[in-house]
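These are the residues of each chain, in order.
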Amino acid sequence: MATYPSLVKKRMRTFYRSLNERDRRHYAAIEAIKLGHGGIGYISQVLGCDQKTISHGIAELEADIEPSNSQRKKGEAVNA
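Procedures and definitions
Residues numbered from 1 in each chain as written. Predicted model: local features only at pLDDT ≥ 70, side-chain atom pairs only at ≥ 80, totals over all residues. Heavy atoms only, no water. Buried < 20%, exposed > 50% of the residue type's maximum accessible area, 1.4 Å probe, protein only. Helix = DSSP H or I, 4+ residues; strand = E, 2+ residues; numbered from the N terminus. Contact = heavy atoms within 4.5 Å. Axes fitted to C-alpha atoms, helices over the stretch in contact; angles between N-to-C directions. Parallel < 35°, antiparallel > 145°, perpendicular 65-115°, else oblique. Left-handed = near helix turned anticlockwise from the far one by under 90°. Nonpolar A, V, L, I, M, F, W, Y, C, P; charged D, E, K, R; others polar. Phe/Tyr/Trp six-rings, centres within 6.5 Å; stacked < 30°, edge-to-face > 60°. Lys NZ or Arg CZ within 6 Å of the ring centre and 35° of its normal.

Once that is clear, we can look at helix α3 (residues 39–47). Helical periodicity: at 3.6 residues per turn, an α-helix aligns residues three or four positions apart in one direction. When α3 is considered as a whole, its buried residues turn out to be Gly39, Tyr42, Ile43, Ser44, Val46 and Leu47. Against the buried residues of α3 lie α1 (6–18), α2 (21–35) and α4 (51–63). Gly48, located one to two residues past α3, shows a positive phi value of around 70 degrees.

Below, the structure is given as structure tokens:
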């Protein structure tokens, strides 16, 4: 498994902290998926998050869950 240089890890952590909770899970999940075997543990260490958080994010992505806070344009009708 590939590892990231320290500068990349620092930037990943900064970006991760700027996200909301759901987006953090999804970002961590995508990074872990990209790395393959051992990715969950490595990304958990890099981002300082729980492995269960990453697993939850992977499950959400695999289930193709729609965002719960989807936004629509002002005046746009809601699909019935």
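With respect to the secondary-structure elements, Val8 resides in helix α1. In this structure, the C-alpha to C-alpha distance between Val8 and Val46, residues 38 residues apart in sequence, is 10.0 Å.

Okay, the packing of α3 against α4 next. Relative to each other, α3 and α4 sit at 120 degrees, their axes nearing to 9 Å. The angle between α3 and α4 falls in the class oblique. For α3 against α4, the interelement crossing comes out right-handed. Here α3 contributes Ile40, Gly41, Ile43 and Ser44 to the contact with α4, which in turn contributes Gln51, Ile54, Ser55 and Ile58. Within the contact of α3 with α4, the residues separate by chemical class into four nonpolar, four polar and no charged.

Enumeration over the complete set of coordinates arrives at two aromatic pairs. When the centroid spacing of 5.1 Å and the interplanar angle of 80 degrees are considered together, the rings of Phe15 and Tyr27 count as edge-to-face. Here Phe15, found in helix α1, pairs with Tyr27, found in helix α2; they are 12 residues apart in sequence, far enough to count as distant. With relative accessibility at 42%, the residue Phe15 sits in the partly exposed group. Its end group placed over the ring of Tyr16, Arg24 keeps NZ or CZ at 5.2 Å from the ring centre.

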